[in-house]
Amino acid sequence: MRFISALFGSVMTAVAVWPACSAAQNLIDNSNFYSTMSPWKTFTPDWAYFTPAVNHTPGGGGSVILGGGSVGSVVSQCVGIVNGEQYVVSAWVKAACPGNRLQVYWTASSCDVGPDYDFVESTKSGEWEQLILASDQAPDKNRAIVFLINPGGSTECSSGVFFDDISVQKDKIFWDPFDEHGLGL
């Protein structure tokens, strides 16, 4: 009987803790590019548009294609974050060339870029690759501006770079409360 009681107590504890283990909320609007680019801001409208033809997640809508050319193309979205919290930013990218960028500016109150940013560049060609940034935030930042960038200048990527499944979430994986730098990412 003690075994059953202990087992029941363990199951009840696991059920009580389950919500704490749930996935974090994605702060990005239209992260899967469902039939439109809104509310993503385009800096090169002729070179950035929605396409249903290429999609990282089956049934997920589509992706954004960033054209190349000599100047490249960029889209961005600004989201509110909590001062001092750790965040993970990720995006899936597919291109015929490496060097495409997920870049995040960490700013205070406005959605204007500042000097504090992190970035990661793609290294693969011809297949989907997940780009991931884990932040180590200063306490005075409350906005993240996410940029998806095709830097241009490459003949291999002149046909376009696809981005899909973008996310900004509180870091529940890499951040370690006992180590101020988590995994050092």
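In this report, the structure presented in the accompanying data block is examined. (Residues numbered from 1 in each chain as written. Predicted model: local features only at pLDDT ≥ 70, side-chain atom pairs only at ≥ 80, totals over all residues. Heavy atoms only, no water.)

## Thoughts on the overall build of the protein chain
Inference 1: The number of helices and strands found in the protein chain is one helix and 10 strands.
Inference 2: Per-residue burial for the protein chain yields a buried fraction of 41% across its 185 residues.
Inference 3: In the protein chain, the proportion of contacts linking residues at least 24 apart, taken out of those at least 6 apart, comes to 75%.
Inference 4: For the protein chain, the exposed surface amounts to about 10100 Å²; the carbon and sulfur share of it is 58%. (Helix = DSSP H or I, 4+ residues; strand = E, 2+ residues; numbered from the N terminus. Buried < 20%, exposed > 50% of the residue type's maximum accessible area, 1.4 Å probe, protein only. Contact = heavy atoms within 4.5 Å. Areas by Shrake-Rupley, 256 points an atom, 1.4 Å probe, with all protein chains shown as cover.)

## Details of the state of the cysteines
Here, the word disulfide means a covalent bond between the sulfur atoms of two cysteines.
Inference 1: Inspection of the entire model under this criterion finds one disulfide.
Inference 2: Across the disulfide from Cys78 sits Cys111; the S-S distance is 2.0 Å. Disulfide Cys78-Cys111: torsion about the S-S bond near -80°, hence left-handed. Of this pair, Cys78 sits in strand 4 (residues 73-80) while Cys111 sits in the loop between strand 6 (101-107) and strand 7 (117-121), and the two are 33 residues apart along the sequence.
Inference 3: On the basis of relative accessibility, which here comes to 26%, the residue Cys78 falls in the partly exposed class.
Inference 4: Residue Cys111 is classed as partly exposed on the basis of its relative accessible area, which comes to 43%. (Disulfide = S-S within 2.5 Å.)

## Considering the sheet that holds strand 10 (residues 161-170)
Inference 1: One open sheet accounts for five strands, arranged 2-3-10-5-8; its pairing is antiparallel. The open sheet has two edge strands with one neighbour each: strand 2 (48-51) and strand 8 (129-134). The sheet shows a mean angle of 30° between the axes of neighbouring strands, taken without regard to direction. (Pairing = 2+ DSSP bridges. Axes fitted to C-alpha atoms, helices over the stretch in contact; angles between N-to-C directions.)

## A few points about the environment of His56
Inference 1: Locating His56 in the fold gives a position in the loop between strand 2 and strand 3 (63-66).
Inference 2: Accessibility expressed as a relative area gives 23% for His56, which makes it partly exposed.
Inference 3: Sequence spacing of His56 and Asp164 is 108 residues, and the spatial spacing of their C-alpha atoms is 6.2 Å.
Inference 4: In this structure, His56 is in contact with Trp92, Trp128, Asp164 and Asp165, ignoring residues within four places of it in sequence.

## Brief notes about the sheet that holds strand 7
Inference 1: Taken together, five strands build an open sheet; the order of strands is 1-4-9-6-7 and the sheet is antiparallel. Bordering the open sheet on either side are strand 1 (41-42) and strand 7, each of which pairs with just one other strand.
Inference 2: Where strand 6 lies against strand 7, five bridges are found, and the strand directions are antiparallel. Paired with Gln103 across the bridge in strand 7 is Phe119.

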